[in-house]
Amino acid sequence: MRYSLTRALASLSTRHPRTVVVFALVSALFCLVTAFQNLSFTVDRTEMLDPRHPVQSNWRAYRAEFGNLSDYVVMVKGDPEKARKAVEDLGQRLQAEPQTFSNVLYRFDLPELLKSSLYYVSLPGLKALEAEVRGAHRLLEPLATPTGLEGMLRELARPGSAGELANRLAGSLPTLNKVLRSLVICLESRGEAVAPSFLTEIESDIPEVRELHLKPGQKTFYLTVDDGHGFMMLLNASDSSGSFTSSLHTMARLRALAERVQREHFEVQVMVSGEPVINADETRQAIQDAIRASGYALGLVGLLLVLVFRAVLKPAAVLLSLLVGLSWTSALAAWTLGQVNMLTINYVTMLTGLGLSFGIHILYRYQLERSIGLEPAQALKTTLGMERPNMVGALSTTVAFWALFFTSFRAAGELGLVTGSGMLLCYLSNVTTLPSLLILLDKGRPEFCPHWNWMRKTNSWILRRRKAVLLLSLIFSLYSLSFVNRIPFDYNLMNVQADNAPALGVERYLQRFHFSALYGVVVADNLEEARQLSRRLQDQPTVGRVASITNFEPLQYEAKRPLVESLIAQGKGLHTPAFPHLRSAAEMESLYNAYVAARGQGLEALRVWRQGDKREQADQFQTWLNRLDRALDTDNPGPMQDSLKAFEAREIGQVISELKLLKQQSAEKPNLIEILPEALLKRVVSPQGRISLRVFPRENCWDREALGRFVKNLRHIDRDATGYAVLVYYYLEDMRKAYIQSGRNALVVIFLLLAFHFRSLRTASLAMFPKLLGVLWMVGAMGWLGVSFNPINFLSLPLTLGIGLIFGVHVLEARNQCLFRDSTGPAIVLSGLVTMIGFATLLSAGHKGVASFGTLMVLGVGANLITSVIMLPALLNAKPDQLDE
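Residues numbered from 1 in each chain as written. Predicted model: local features only at pLDDT ≥ 70, side-chain atom pairs only at ≥ 80, totals over all residues. Heavy atoms only, no water.

1. Some words on the overall build of the protein chain
Link 1 in the chain: Regarding its fold elements, the protein chain presents 33 helices and twelve strands.
Link 2 in the chain: Counting all 885 residues of the protein chain, 58% fall into the buried class.
Link 3 in the chain: Taking all contacts inside the protein chain whose residues are at least 6 apart in sequence as the whole, residues at least 24 apart take part in 82%.
Link 4 in the chain: Accessible area of the protein chain: about 37,400 Å², with a carbon and sulfur share of 58%. (Helix = DSSP H or I, 4+ residues; strand = E, 2+ residues; numbered from the N terminus. Buried < 20%, exposed > 50% of the residue type's maximum accessible area, 1.4 Å probe, protein only. Contact = heavy atoms within 4.5 Å. Areas by Shrake-Rupley, 256 points an atom, 1.4 Å probe, with all protein chains shown as cover.)

Now the structure itself:
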């Protein structure tokens, strides 16, 4: 059967070479067009798991209910006011482009929240505010009279005994101290310094509200961190398909607008991040690196083949045949997958490294047969008749990759399906297209074939010292064996990306405030369940914060309600003061006299206060009164008039604002669904009324151990918890398991295939030997160099196994003759060097994962090459009696 296939291929290539080449090129062009039209990239890592995986099912259900949205994050850092203006500018620009951006959230416009703002004050603060307003009643009422400040002083100066004065003013003492402090600051600075309000400043008992920097009467709030020096903006892409093209368009437009705002507000820093940006940056960098490396590889490999064969066209035919096979594979990927991700896109790199080996062996053998005088048709027939090692290598490597298809990791399965099938297609292209091209390019005279006599001499020298070679190999194997369980696996996806990736800087900055692109999601059926889940999650040691609309619910509502009702009642009983007019000299004198009288009464009360429990506040009163005496300059009333005007304008204006807010208050509990902005509700409330809680980690969950603890705590609360943190955890775990499981399965199937091919278990074991030893040596080299496995370079293991197998099968097929006497040895070395050069170009990649993949492939291919052409022949010659003849 094999000879019939060989004769058929040779006959087809010699009789109809033009037809074969035209068909190959036309079909390749058609496949490229098909791939270009139907094959897309996706940056969505969440699609890498098996759809039947429970975690993936939970995620899809969540997306179906809450929308297929991923948040882009923009950080604006700098002076709070300048950063606020910049984020307002950027927010308006983004909202002006609804065709690109949606759900832009950078501020909360909450006018309805003002009616319930007292409920967001901490309970101690609310008690202090209620007591202060009640005690300040005697001070605030006179302010509402036509005499204003003078009337307040006259009220304080009302005659009475020291004890009566002390009791009457005791409740007003905290407010008196604040009034004196504000007045002193204005007089000492001539109205320049800003004095604090003389009502209690609001401090919320809700962390998320504190981050909004709530102030009396405030209607607009911003998403801030870092004490107001960092403004955060969330937005979604209008195109939620998750395709690489749409993600790049959205990201490019967002960065263009961010850079424009950065130029116009040059004193602040504008940065873009978020899970879609991190993924898109990583994918783009990896694709750019792969394209650049492929260009370098084709150029360097082409140059090497030209130098070796002293020709241009025939080495070009090898590359062209490979491109035909890659084109067929790309169409297969478009028809079977429809889209590729960061993992499956590696099929091009893998097939380039593996597919070239077939073409080099065919070209080398054909040139050898032509160099000894065979006619082109006979040389081609002989060459294809010796294709059995390549065919066995192709089938075995295909089986190794197909083994990935039966794992639970969807991305690995897709990669295995496409790459394994692509191996057969590249082999088919090399045994059909390449022979036809060789016939067409043959000039009818004997061809040059490099014999590389130095290789034969070197090989003979080594075999004469095979015991030393075997001893050295044993020593290095034992050394490598010591690293088998010591090579670490770096799961951190941030460590495989380019060092200068700007989105990673934002991610690290946000982690300081317990925000991250890796967060969990828990869904509650209603507000009450959301409250309970939020409390339980916040008690978990690995949880940094829980983002939920329940965070905007007042705490201790029942305890606060009587205080709120009391404040509302007091506010209704207070009249709003009027802004003062410019005083005449006589009015200034009358005001001063009122102050002197009030001061005298205050000193009388001071003696009583110091004897009771108000000693500390009495000392403050004395301090501010003494500073006020020093600040008053009756001989120069002009500046004093200006300072007093500034004091009254600021403080009375503040009192008016606070009293107005107090009169607007409602004792009813706020309805969050009605008052929160739509851009926020769309993210957290589904059309069915269910509520999602985003759970952010306390630790850096890009580290595997921290991520594992966080996911464990999360799923302890809710077994159906989902989110990027959960998905990435299982994505990494399933990927590692998939490679190990597929490697085990592939070894068994490949061994059976080799045993069937060689009809001998011993020979099959020898064929497996160089690839297993090569992997072991690769691990030893990794330990020596300090290289770790990571989610990108771990793929080098099955690929190294495939390459090592092809080398070993070729050596065993030529075991009855000197390896370097014909084309076998040189072709193995040349194909190994070509493959190493191809992968070495990946070392120039900016993406550290891709670069480390190139490092491991160079080590793996080099180790397999050495074990195949040095160790295996030494072993065969050492114990020839153990080989089947």
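Having seen the model, we can carry on.
2. Let's talk about helix 5 (residues 123-135)
Link 1 in the chain: Across its 13 residues, helix 5 extends 18 Å between first and last C-alpha, which sits within 8% of the 18 Å expected from 1.5 Å per residue.
Link 2 in the chain: Taken together, the buried positions of helix 5 are occupied by Leu-123, Gly-125, Leu-126, Leu-129, Glu-130, Glu-132, Val-133 and Gly-135. (Expected span 1.5 Å × (residues − 1).)

3. Focus on helix 14 (residues 347-371)
Link 1 in the chain: The terminal C-alpha atoms of helix 14, which comprises 25 residues, lie 36 Å apart, in line with the 36 Å expected from a rise of 1.5 Å per residue.
Link 2 in the chain: In terms of burial, helix 14 is largely enclosed, as 23 of its 25 residues are buried.
Link 3 in the chain: Gly-373, located one to two residues past helix 14, shows a positive phi value of around 105°.

4. A closer look at the sheet that holds strand 11 (residues 543-547)
Link 1 in the chain: Judged by pairing direction, the sheet is antiparallel, and its three strands sit side by side in the order 10-12-11 without closing on themselves. The open sheet has two edge strands with one neighbour each: strand 10 (520-524) and strand 11. Here the strands of the sheet are splayed against their neighbours by 25° on average, with no regard to which way each runs. (Pairing = 2+ DSSP bridges. Axes fitted to C-alpha atoms, helices over the stretch in contact; angles between N-to-C directions.)

5. Digging into the pattern of salt bridges
Link 1 in the chain: Taken as a whole, this structure holds 23 salt bridges when the rule is applied.
Link 2 in the chain: Across the pair Glu-565 and Arg-561 runs a salt bridge whose closest N-O atoms are separated by 2.9 Å. Remark: Arg-561 and Glu-565 occur in helix 22 (residues 557-573); sequence separation between them is four residues, near one turn of the helix.
Link 3 in the chain: Three or more residues joined by partner-sharing salt bridges are found here, namely Glu-65, Asp-525 and Arg-690. (Salt bridge = Lys/Arg side-chain N within 4 Å of Asp/Glu carboxyl O.)

6. Section: the packing of helix 13 (residues 313-336) against helix 17 (residues 410-441)
Helices that pack against each other are described as a pair by the angle of their axes relative to one another and the distance between those axes.
Link 1 in the chain: For the pair helix 13 and helix 17, interaxial distance at closest approach is 7 Å and the crossing angle is 145°. Helix 13 and helix 17 meet at a crossing whose hand is right-handed.
Link 2 in the chain: Its residues assigned to classes, the contact of helix 13 with helix 17 shows 19 nonpolar, nine polar and one charged. (Left-handed = near helix turned anticlockwise from the far one by under 90°. Nonpolar A, V, L, I, M, F, W, Y, C, P; charged D, E, K, R; others polar.)

7. What about the side chain of Lys-560?
Link 1 in the chain: The residue Lys-560 is located in helix 22 in this model.
Link 2 in the chain: Looking at Lys-560, the relative accessible area reads 0%, which means it is buried.

8. Quick notes on the nonpolar core
Link 1 in the chain: Counting residues in each nonpolar core, the largest one holds 201 residues, and the members touching the most others are Val-74, Val-76, Leu-94, Met-233, Leu-235, Phe-409 and Leu-754.
Link 2 in the chain: Of the residues forming this core, the biggest block, 17 residues, is contributed by helix 29 (residues 724-758).
Link 3 in the chain: The next biggest cluster of nonpolar side chains, apart from the first, holds 54 residues, and it includes Leu-180, Phe-621, Leu-625 and Leu-644. (Core = buried A, V, L, I, M, F, W, Y, C linked by side-chain atoms within 4.5 Å.)

9. Section: the packing of aromatic side chains
Link 1 in the chain: Per the stated rule, a full pass over the model turns up 19 aromatic pairs.
Link 2 in the chain: Look at Phe-476 and Trp-777: their rings are 5.4 Å apart centre to centre, the planes differ by 85°, and that puts the pair in the edge-to-face class. One end of the pair, Phe-476, is in helix 19 (residues 466-481); the other, Trp-777, is in helix 30 (residues 761-785), with 301 residues separating them in the sequence.
Link 3 in the chain: Each residue in the set Trp-59, Tyr-62, Phe-66, Phe-515, Tyr-519, Phe-696 and Tyr-724 is aromatic and connected to the rest through ring pairs, giving one cluster.
Link 4 in the chain: The positively charged end of Arg-704 is found above the aromatic ring belonging to Tyr-491, 4.5 Å away from the centroid. (Phe/Tyr/Trp six-rings, centres within 6.5 Å; stacked < 30°, edge-to-face > 60°. Lys NZ or Arg CZ within 6 Å of the ring centre and 35° of its normal.)

10. A closer look at a nonpolar patch on the surface
Link 1 in the chain: A surface patch of nonpolar side chains, amounting to about 690 Å² of accessible area, comprises Leu-471, Leu-472, Leu-474, Ile-475, Leu-478, Leu-481 and Val-484.
Link 2 in the chain: Tracing the backbone through its elements, the reader meets Leu-481 in helix 19. (Patch = residues over 30% accessible without salt bridge, like charges linked within 9 Å, V, L, I, M, F, W, Y side chains within 5 Å.)

11. Topic: the environment of Lys-572
Link 1 in the chain: Note that Lys-572 resides in helix 22.
Link 2 in the chain: For Lys-572, a relative accessible area of 62% corresponds to the exposed category.
Link 3 in the chain: Between the alpha carbons of Lys-572 and Leu-662 there is a distance of 8.1 Å; along the sequence they are 90 residues apart.

12. Digging into unusual backbone geometry
A negative phi angle characterises most non-glycine residues, just as the trans form characterises most peptide bonds.
Link 1 in the chain: The phi dihedral of Asn-103 is positive, around 50°, even though this residue is not glycine.
Link 2 in the chain: Tracing the backbone shows Asn-103 in strand 3 (residues 101-105).
Link 3 in the chain: Assessed through its relative accessible area of 15%, Asn-103 is described here as buried.
Link 4 in the chain: Positioned with a positive phi, Gln-556 is a non-glycine residue whose angle comes to about 55°.
Link 5 in the chain: Structurally, the position occupied by Gln-556 is in the loop between strand 11 and helix 22.

13. Some details on the pairing of strand 3
Link 1 in the chain: Counting buried residues in strand 3 gives four out of five residues, a clear majority hidden from the surface.
Link 2 in the chain: Judged from the three bridges that link them, strand 3 and strand 7 (residues 230-237) form a sheet pairing that is antiparallel. Residue pairing across strands places Ser-102 opposite Asn-236, the latter belonging to strand 7.

14. Observations regarding the confidence of the model for the protein chain
Link 1 in the chain: Across the protein chain, the average pLDDT comes to 81, with 89% of residues at or above 70.
Link 2 in the chain: No element of the protein chain has a lower mean pLDDT than helix 10 (residues 207-211), which averages 60, and none a higher one than strand 10, which averages 94.
Link 3 in the chain: In this model residues 878-885 is a low-confidence stretch, pLDDT under 50, and it forms twelve contacts with partners more than four residues away in sequence or in other chains. (pLDDT = per-residue confidence, 0-100.)

15. Observations regarding the environment of Ala-631
Link 1 in the chain: Locating Ala-631 in the fold gives a position in helix 24 (residues 615-631).
Link 2 in the chain: On the accessibility criterion, Ala-631 (13% relative accessible area) is buried.
Link 3 in the chain: Here the alpha-carbon distance between Ala-631 and Leu-187, two residues 444 residues apart in the chain, equals 6.1 Å.
Link 4 in the chain: What Ala-631 contacts, discounting residues up to four positions off in sequence, is Leu-187 and Glu-188.

16. Details of the side chain of Glu-733
Link 1 in the chain: With respect to the helices, strands and loops of the structure, Glu-733 is situated in helix 29.
Link 2 in the chain: Residue Glu-733 is classed as buried on the basis of its relative accessible area of 13%.

17. Focus on the pairing of strand 8 (residues 269-273)
Two faces, one strand: in a regular strand the side chains alternate between the faces of the sheet.
Link 1 in the chain: By the criterion of burial, strand 8 is predominantly enclosed, with four of the five residues buried.
Link 2 in the chain: Alignment of strand 2 (residues 72-77) against strand 8, held across five bridges, turns out to be antiparallel. Bridged to Val-76 within strand 8 is Val-270.

18. Description of the environment of Leu-856
Link 1 in the chain: If you trace the backbone, Leu-856 turns up in helix 33 (residues 848-878).
Link 2 in the chain: A C-alpha to C-alpha distance of 6.5 Å links Leu-856 and Ser-796, two positions 60 residues apart in sequence.
Link 3 in the chain: Other than its neighbours up to four places away in sequence, Leu-856 contacts Met-778, Met-782, Val-787, Phe-789, Asn-793 and Ser-796.

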